[in-house]
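Read off the chains here:
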Amino acid sequence: MVTHNQLSTTDIAIKNLYVSFPVKTGLVQAVDNISVTFKHGQITGIIGESGCGKSVLGQAILGILPEYVQRCGQILYRDANIFADNTVIPNFYGQEFALIPQNPGEALNPLRKTGKQFNDILLTAGINDPDDNYKISLLQFFGLADGRRVLAAYPHELSGGMLQRVLGAMSICCGPAWLVADEPTKGLDETACAVVYENLGKIKTKKDLGMLVITHDLQLARSLCDTIAVMYAGQLVEYGPHVLNAPKHPYTQAFLAALPENGFQPLTGLPPAPQDNLQGCRFAPRCKSSMTLCHKEAPPACTVGTAEVRCFLYA
Ligand SMILES: Nc1ncnc2c1ncn2[C@@H]1O[C@H](COP(=O)(O)OP(=O)(O)O)[C@@H](O)[C@H]1O
Ligand SMILES: [Mg+2]
């Protein structure tokens, strides 16, 4: 693990995390031995192909995995193992961790005025009867000048872009230490996407916050994130601040080379099926640089400059 500076209690320290789903054909290993520390005060982007375990990792941190998962490992936060029980932390949802929902249509109640929905969220943090000026100032921060009208409106009376801004204001209204956004731009049209970029950029200016942004949108990751974590088949293969400009792991290199702006050289083959109990490096069957050892043993985490890379090329 690369530790750039001292661990703080508001960092998220993940240790040997495993999450698997029992299915008819066996076990789907969604997260496979991940150890990493996400630094508070930084924006970390979690990237990787669809199905590689990004959302499950986010759900593990938020404590919202289904009951039936098989799990092991620790997620340490404020000196507690929140993976075992996050209710030991007072106001875990709202004041410690908040979520940026993907879609206003699903996140907001169409039959309740936005001001009332704001109050519902503030109530979870024990704030009864909140001051309208606080809500209005948050809406202004997210670019809505007429906050009083917005608070008095039902969601259908506001445009899609305005609703995105309302969600931005709601996401930080309880002053969370951490925000988690899972695919915040997925499926959005260009206008809504631009508002999400703007919202996240605004939130970034708040230095007392950590953010995890799970995304397939590498433009977003590039413009927003301080650190990037790359996942492949349930494992973290590379982690560091310059991953998108100077990728070290053969998977990260191939993933980036497949982008249209980098020449669109597709990565051949498929990731292993989740039930495949591959020995060694999970990327080895697709890797141009693989050696015999890669098929037999799991690679160690190697420090390469500012990055941590799980690959025998650097061992
Ligand atoms: N509730 C579930 N039951 C069974 N398998 C699941 C469940 N949720 C996720 N998975 C599996 O876990 C793996 C990781 O999924 P996910 O974290 O959603 O991937 P992504 O990187 O696209 O967010 C996938 O193989 C997915 O099919
Ligand atoms: Mg996902």
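Remember, it's a predicted structure, so these values are computed and weren't measured experimentally. (Residues numbered from 1 in each chain as written. Chains lettered and ligands numbered in written order. Predicted model: local features only at pLDDT ≥ 70, side-chain atom pairs only at ≥ 80, totals over all residues. Heavy atoms only, no water.)

A.B. asks: Tell me about the overall build of the chain, and name the residues and values.
C.D. replies: For the chain, the helix and strand inventory stands at nine helices and twelve strands. Relative to its length of 315 residues, the chain is compact, with a C-alpha radius of gyration of 21 Å against a globular reference of 20 Å. Here the C-alpha coordinates of the chain stretch approximately 65 × 45 × 45 Å along the principal axes. Considering the chain as a whole, with its 315 residues, one finds that 49% of them fall into the buried category. With an accessible surface of roughly 14900 Å², the chain has 52% of that area assigned to carbon and sulfur atoms. Looking at the chain, you have 25 positive and 27 negative side-chain charges, and the mean spots of the two groups are 2 Å apart. (Helix = DSSP H or I, 4+ residues; strand = E, 2+ residues; numbered from the N terminus. Rg over C-alpha atoms; globule rule 2.2 N^0.38 Å. Buried < 20%, exposed > 50% of the residue type's maximum accessible area, 1.4 Å probe, protein only. Areas by Shrake-Rupley, 256 points an atom, 1.4 Å probe, with all protein chains shown as cover. Lys, Arg positive; Asp, Glu negative; His and termini not counted. Charge placed at Lys NZ, Arg CZ, Asp CG, Glu CD.)

A.B. asks: Any details on the nonpolar core? Residues and values, ideally.
C.D. replies: Across soluble globular proteins, nonpolar side chains show a tendency to be buried alongside one another. Core analysis: the biggest nonpolar cluster contains 55 residues, and I47, F118, L139, L179, I203 and I228 have the highest contact counts within it. In this view, F118 contacts K135, L138, L139, L151, A169, M170 and C173; residues no more than four positions away in its chain are not counted. Counting residues in hydrophobic clusters, the runner-up holds 37 residues, among them V28, V31, A60 and F92. (Core = buried A, V, L, I, M, F, W, Y, C linked by side-chain atoms within 4.5 Å. Contact = heavy atoms within 4.5 Å.)

A.B. asks: How would you sum up the pattern of salt bridges? Please name residues and give values.
C.D. replies: The full count for this structure, using the stated rule, is eleven salt bridges. Between R286 and E49 there is a salt bridge; the shortest N-O distance is 3.6 Å. Within this pair, whereas R286 is found in the loop between α9 (250-257) and β11 (301-304), its partner E49 is found in the loop between β3 (43-47) and α1 (54-62), the two being separated by 237 residues in sequence. The structure contains a network of salt bridges with shared partners spanning D132, K135 and R148. (Salt bridge = Lys/Arg side-chain N within 4 Å of Asp/Glu carboxyl O.)

A.B. asks: Which residues make up the site of ligand 1, and what values do they have?
C.D. replies: Taken together, 13 residues sit near ligand 1, with G51, G53, K54, S55 and V56 positioned nearest. The backbone of G51 places a nitrogen or oxygen atom 2.7 Å from an oxygen atom of ligand 1. Between a nitrogen atom of ligand 1 and a side-chain N or O atom of Y68, the distance comes to 3.2 Å. Contact with the protein chains removes 68% of the 560 Å² of surface that ligand 1 exposes when unbound. Elements that contribute at least two residues to the shell around ligand 1 include exactly β2 (26-38) and α1. (Near = heavy atom within 4 Å. Polar contact = N/O pair within 3.5 Å; in protein donor to acceptor, adjacent residues only side chain to side chain.)

A.B. asks: For the packing of aromatic side chains, give the residues involved together with the corresponding values.
C.D. replies: One pass over the full model with this rule turns up eleven aromatic pairs. Between the aromatic rings of Y232 and Y251, the centroid separation amounts to 4.5 Å while the plane-to-plane angle is 50°, which identifies the pairing as tilted. Remark: Y251 occurs in helix α9 and Y232 occurs in strand β9 (residues 227-232); sequence separation between them is 19 residues. When its relative accessible area of 2% is taken as the criterion, Y232 is described as buried. Exposure remark for Y251: the relative accessible area of 0% places this residue in the buried category. Relative to F283, the ring of Y232 has its centre 5.1 Å away and its plane inclined at 80°; by these criteria the two rings are edge-to-face. Of the two residues, Y232 is situated in strand β9 and F283 in the loop between α9 and β11; the sequence distance between them amounts to 51 residues. When its relative accessible area of 2% is taken as the criterion, F283 is described as buried. (Phe/Tyr/Trp six-rings, centres within 6.5 Å; stacked < 30°, edge-to-face > 60°.)

A.B. asks: Can you break down the side chain of N86 residue by residue, with the values?
C.D. replies: Inspection of the secondary structure assignment puts N86 in the loop between β5 (80-81) and β6 (97-100). Within the local environment of N86, its side chain forms a polar contact with the backbone oxygen of L62, the two atoms lying 3.4 Å apart.

A.B. asks: Can you break down the sheet that holds β5 residue by residue, with the values?
C.D. replies: Ordered in space as β2-β1-β4-β5, the four strands form an open sheet in which the pairing is antiparallel. With partners counted over all chains shown, the strands left at the sheet margins are β2 and β5, one partner each. Taken together, the two bridges between strand β4 (residues 70-77) and β5 define a ladder with antiparallel strand orientation. The residue of β5 that forms the bridge with L76 is N81. Docked against the sheet, α1 engages β1 (12-23), β2 and β4, running at close to 115° with respect to β1. (Pairing = 2+ DSSP bridges. Axes fitted to C-alpha atoms, helices over the stretch in contact; angles between N-to-C directions.)

A.B. asks: I'd like a rundown of the sheet that holds β11, residues and numbers included.
C.D. replies: Pairing within the open sheet is mixed, and its eight strands lie in the order β6-β7-β8-β3-β9-β10-β12-β11. Either end of the sheet is taken by a strand with one partner, and the two such strands are β6 and β11. Neighbour-to-neighbour, the strand axes of this sheet turn through a mean angle of 20°, independent of strand direction. Two strands pair when backbone bridges link them, and β11 and strand β12 (residues 307-310) are joined in this way by four bridges, in the antiparallel orientation.

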